[in-house]
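# Notes for the structure review
As a plain string of letters, each chain reads:
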Amino acid sequence: MDHFLYKGGILHAEDVPLPQIAAKVGTPFYIYSTATLTRHYQLFKDALDGVPNLVCYAMKANSNQAVLKTLAGLGAGMDVVSGGEYARAKAAGVPGERIVFAGVGKTRADMRAALEGGIRQFNVESEPEMRALSEVATSMGTTAPITIRVNPDVDARTHEKIATGKSENKFGVPVARAREVYAEAARLPGLEVVGIDVHIGSQLVELAPFEQAYLKVAELTRVLRADGHDIRRLDLGGGLGIPYTRSNEAPPLPTDYGALIKRCVAGLDVEVEIEPGRLIAGNAGLLVTSVIYLKEGEGRDFLIVDAAMNDLIRPSMYGAYHDMEPVVQAAPGVARQPFDIVGPVCESGDTFAKQRDLTPMRAGDLMAFRSAGAYGAVMASEYNTRPLIPEVLVKGDHVAVIRPRPTFDEMINRDIVPEWV
Ligand SMILES: *Cc1c(COP(=O)(O)O)cnc(C)c1O
């Protein structure tokens, strides 16, 4: 559920009509709903009620400071995957003890910054990383709390580019080698084992792969405790999928996901951490774009819009589907017809949808792409010297630009021409 509804035939973000925002900030732009972000975070909190837990928002999904502050204010922790994200989390006021640090390529500088600023735990992904962290922590005279990310060799049954829990993926250490790696962690100075971490992929639309992974982690908890390790936290990752179409998709609900977690950890007396990103932010955002031209082709009509693949790369990168709707609804009874929705970038891959049935649209009409709040703005680039598009946050009838569109001069002036050119 989200808070983007038609009122009087006009699509609103909470209480604000989208045409009003478009007139103010220009298109294209991203718009996020505070009520939806809040609701999605709360769904996870409610689903885990009864077990000690921390919901660490996976901020790579959408890391705007205003979004982070909104969630942090509700008590969310953050899952960060880079030194930059760690800095963003701190800048949004998230205390170190609510930040977990994931990622296969943490640098020593990342480790140092997190140890200095405070960190709940590092989710260590390999032995070389573990040894580096031991050295960094020791050299600073401190101790790094760690979990080891295990790779359960489970098929998440999602898009291959976002599956992370199979043995051929670069993430984590195989469950079969976990005892060995934990034994080394216990021997190394400067490290304190606090738990186990797992994350098998993104946009999972079934619970079964989670269950397979979590049961392996529960079993491993018993084994590692018997080996003498203090396994007190289980970080169960993120990845719960969202509906990208309103019609035929029904991914599992957070309540059922929470119930599954409770079943898997029953009797273990652990604190549970989860790292949802997409489910919190995805359907809390739209991309709003204008039709520049209607180009009537040979047997195919193109709607050329002012958003492009550099603004939202998911369709060209993952073949992703986004629901698209006119911001101003057509009169009742107007028939839909198929359009290709394309952007202005000079690549055929700059296609958002092919043969999508829409009510007729014309130049100047506004269109909304749904489910664009996660992995949208954060994956944008300035390809074709297209400015990063503004992000707007709504709360009730409050509207604020939370990242402005840069001017051409600002973009150009970032380049430096050496005097010897
Ligand atoms: C990407 C990622 C997540 C979030 O995945 P979603 O599908 O957005 O919920 C959580 N944890 C880790 C380690 C990740 O890399």
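Counting restarts for each chain: residues are numbered from 1 in the order of the written sequence. Restriction of local features to residues with pLDDT of at least 70 applies here, the model being predicted, together with a cutoff of 80 or more for giving and counting side-chain atom pairs; totals for whole chains, interfaces and linings are based on all residues. For side-chain calculations, the full set of non-hydrogen atoms in the structure is used, while hydrogens and water are omitted.

## Regarding the overall build of the chain
Secondary structure elements follow DSSP: runs of H or I of four or more residues count as helices, runs of E of two or more count as strands, with numbering from the N terminus. In terms of regular secondary structure, the chain is built from 12 helices and 21 strands. For 421 residues, the compact-globule estimate of 2.2 N^0.38 gives 22 Å, and the chain sits close to it at 23 Å. Viewed in the frame of its principal axes, the chain has a C-alpha envelope of about 70 × 60 × 40 Å. Buried residues are those whose accessible area, probed at 1.4 Å on protein chains only, stays under 20% of the maximum for their type, while exposed residues exceed 50% and partly exposed ones sit between those limits. Across the 421 residues of the chain, 55% fall into the buried class. In what follows, a contact means two residues having at least one pair of non-hydrogen atoms within 4.5 Å. Restricting the contact set of the chain to residue pairs at least 6 apart, pairs at least 24 apart contribute 69%. Note on areas: Shrake-Rupley, 1.4 Å probe, and residue coverage restricted to the protein chains presented here. Approximately 17900 Å² of the chain is accessible, and the part contributed by carbon and sulfur atoms is 52%. A radius of gyration in this sense is built from C-alpha atoms; the matching globule rule multiplies 2.2 Å by the number of residues raised to 0.38.

## So, the sheet that holds strand 2 (residues 10-13)
DSSP calls a pair of strands paired once it identifies at least 2 bridges connecting them. Here we have three strands laid out as an open sheet, ordered 1-2-3, and antiparallel in their pairing. Both outer strands of the open sheet, strand 1 (4-7) and strand 3 (16-17), are each paired with one neighbouring strand and no more. Strand direction decides the pairing type here: strand 2 and strand 3, joined by two bridges, are antiparallel. Note on strand 3: the bridge partner recorded for A13 is V16.

## Re the site of the ligand
By nearness alone, 15 residues border the ligand, and K60, S202, E275, R278 and Y375 come closest of all. Within the side chain of S202, an N or O atom sits 2.3 Å from an oxygen atom of the ligand. In the analysis that follows, any N or O atom pair within 3.5 Å is treated as a polar contact, provided that within protein one partner can donate a hydrogen and the other can accept it, and provided that, for residues neighboring in sequence, both atoms belong to side chains. A distance of 2.8 Å separates an oxygen atom of the ligand from a polar atom in the backbone of G239. With the chains in place, 94% of the 390 Å² that the ligand exposes on its own is no longer accessible. Looking at the shell around the ligand residue by residue, the class counts come to four nonpolar, six polar and five charged. Any residue with a heavy atom positioned within 4 Å of a molecule or strand is treated as near that molecule or strand. In this classification, the charged set is Asp, Glu, Lys and Arg, the nonpolar set is Ala, Val, Leu, Ile, Met, Phe, Trp, Tyr, Cys and Pro, and all remaining amino acids, among them Gly, are polar.

## Points about the packing of helix 8 (residues 208-226) against helix 9 (residues 254-265)
Packed helices, taken two at a time, are described by the angle their axes make and the gap between the axes. At a minimum axis separation of 9 Å, helix 8 and helix 9 run at an interaxial angle of 25°. Between helix 8 and helix 9, the interaxial angle falls into the category roughly parallel. Once helix 8 is placed against helix 9, the crossing between them reads as right-handed. Across the interface between the two elements, F210, E211, Y214, L215 and A218 of helix 8 pack against Y257, L260, I261, R263 and C264 of helix 9. Only the stretch in contact is used when a helix axis is fitted, and all axes are lines through C-alpha atoms; the angle between N-to-C directions ranges over 0 to 180 degrees. For classification, angles of less than 35 degrees are called roughly parallel, those exceeding 145 degrees roughly antiparallel, those between 65 and 115 degrees roughly perpendicular, and all remaining angles oblique. Handedness of a crossing is defined here by the sense of rotation of the near helix relative to the far one, left-handed for an anticlockwise turn of less than a right angle and right-handed for a clockwise turn.

## Side note on the pattern of salt bridges
Here a salt bridge means any side-chain nitrogen of Lys or Arg lying within 4 Å of a carboxyl oxygen belonging to Asp or Glu. The final tally for this structure, using the stated rule, is 21 salt bridges. A salt bridge links R120 to E271; the nearest nitrogen and oxygen atoms lie 2.9 Å apart. On the criterion of sequence distance, the pair formed by R120 in the loop between helix 5 (108-117) and strand 8 (121-124) and E271 in strand 13 (residues 271-274) is long-range, its members being 151 residues apart. Here E127 makes a salt bridge to R177, at a shortest N to O gap of 2.6 Å. In this pair, E127 sits in helix 6 (residues 127-139) while R177 sits in the loop between strand 10 (173-174) and helix 7 (178-187), placing the two residues 50 residues apart along the sequence. Residue class for E127 comes out buried when judged on its relative accessible area of 16%. R177 sits in the partly exposed class, given a relative accessible area of 28%. Through salt bridges with shared partners, a single ionic network connects R120, R233, E271 and E273.

## Observations concerning the pairing of strand 8
Side chains of strand 8 alternate between two faces, with Q121 and N123 and F122 and V124 buried alike. Note that strand 7 (residues 99-101) and strand 8 share two bridges and pair parallel. Residue pairing across strands places V100 opposite Q121, the latter belonging to strand 8. Tracing the backbone out of strand 7, into helix 5 and back to the parallel element strand 8 gives a crossover that is right-handed. In this sheet, strand 9 (residues 144-151) lies alongside strand 8 in parallel orientation, the contact comprising three bridges. Residue N123 lies in a different strand from strand 9, and its bridge partner there is T147. A crossover counts as right-handed when, viewed with the strands pointing away from the observer, the path leading from the first strand over the helix to the second turns clockwise.

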